[in-house]
Amino acid sequence: VGFYDKLGPAELPFVPPKVEASKKYDSSKVYIALVVGDGDNVWHLKHSHYELLQQRKEKCASEPAACYPMSWTISPEAKRIIPDMVNALFGMLKDTGADDRIVLP
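Notes on the structure follow. Predicted model, so just to flag it, every value in this text is computed and none were measured.

Glancing now at empty space enclosed by the protein. Applying the stated criterion to the full structure yields one cavity of 30 Å³ or more. One number sums up the size of the largest cavity: a volume of about 40 Å³. Along the walls of the largest cavity sit Leu45, His49, Leu53, Trp72, Ile74, Leu89 and Leu93, which together make up its complete lining. Contributions of two or more residues to the lining of the largest cavity are made by helix H2 (42-62), strand S2 (70-74) and helix H4 (83-96). Broken down by element, the lining of the largest cavity gets its largest block of residues, three residues, from H2.

Following this line, the structure appears as structure tokens:
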């Protein structure tokens, strides 16, 4: 309890998804979404998701053309339980230039 009482909840600004205004839905095309799940599990956020996102950030910086959009699930409780980690994850999502998050209910 002292962990998040001492630090307080994460201060997370809302960052809307990057949408190109010129793009319109085309019903003749097939669209896919790549989603990295298990973000409702705080252990995964602190370990495997964090490590994968660090690697992805580096890859997107060195090869921007290969940086396809991905979405990451994140537990809404994480910002209360591990606020520093959530701020770091959201910063890396922004740094890739192609990723966004899905906050679960």
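Structure's up, so let's keep going.
Attention shifts here to a nonpolar patch on the surface. Judged by side-chain polarity, Val30, Ile32, Leu34 and Tyr68 come together as a nonpolar surface patch covering roughly 470 Å² of accessible area. With respect to the secondary-structure elements, leucine 34 resides in the loop between helix H1 (2-7) and strand S1 (35-36).

According to the stated counting rule, one finds one aromatic pair in the structure shown. When the centroid spacing of 5.5 Å and the interplanar angle of 25° are considered together, the rings of tyrosine 25 and tyrosine 31 count as stacked. Overall, the relative accessible area of 66% leaves tyrosine 25 in the exposed class. In this structure, arginine 56 packs its charged tip against the face of tyrosine 68, placed 5.0 Å from the ring centre.

What counts, and at which threshold
Along each chain, residue indices are assigned from 1 in the same order as the chain's sequence is written. Owing to the predicted nature of the model, reporting of local features is limited to residues with pLDDT of at least 70; listing and counting of side-chain atom pairs is limited to 80 or more, with chain, interface and lining totals taken over all residues. Hydrogens and water are ignored here; the side-chain numbers use all heavy atoms of the structure. A pocket, in this scheme, is an open set of points on a 1 Å grid over the protein atoms alone with protein on both sides within 12 Å along at least 5 of 7 lines, while a cavity is a set where a 1.4 Å probe fits but cannot get out; residues line either one if an atom lies within 4 Å of a point. Grid points are joined across faces, edges and corners, and a volume is the space filled by probe spheres set on the points. Helix and strand labels come from DSSP, where a helix needs a run of H or I of at least four residues and a strand needs a run of E of at least two; each type is numbered from the N terminus. Excluding any residue in a salt bridge, patches collect residues exceeding 30% relative accessible area, merging like charges within 9 Å and nonpolar Val, Leu, Ile, Met, Phe, Trp and Tyr side chains within 5 Å. All accessible areas in this document rest on Shrake-Rupley with a 1.4 Å probe, and a residue is counted as covered only by the protein chains that are shown. Salt bridge, as used here: a side-chain nitrogen of Lys or Arg that lies within 4 Å of a carboxyl oxygen of Asp or Glu. In summary, the pairing rule links any two rings of Phe, Tyr or Trp, Trp by its six-membered ring, whose centres are within 6.5 Å, and it sorts them by plane angle into stacked for under 30 degrees, edge-to-face for over 60 and tilted for everything else. Relative accessible area decides the class of each residue, using a 1.4 Å probe on protein chains only: under 20% of the type maximum gives buried, over 50% gives exposed, and in between gives partly exposed. Whether a charge sits over a ring depends on NZ of Lys or CZ of Arg being within 6 Å of the ring centre and within 35 degrees of the ring normal.

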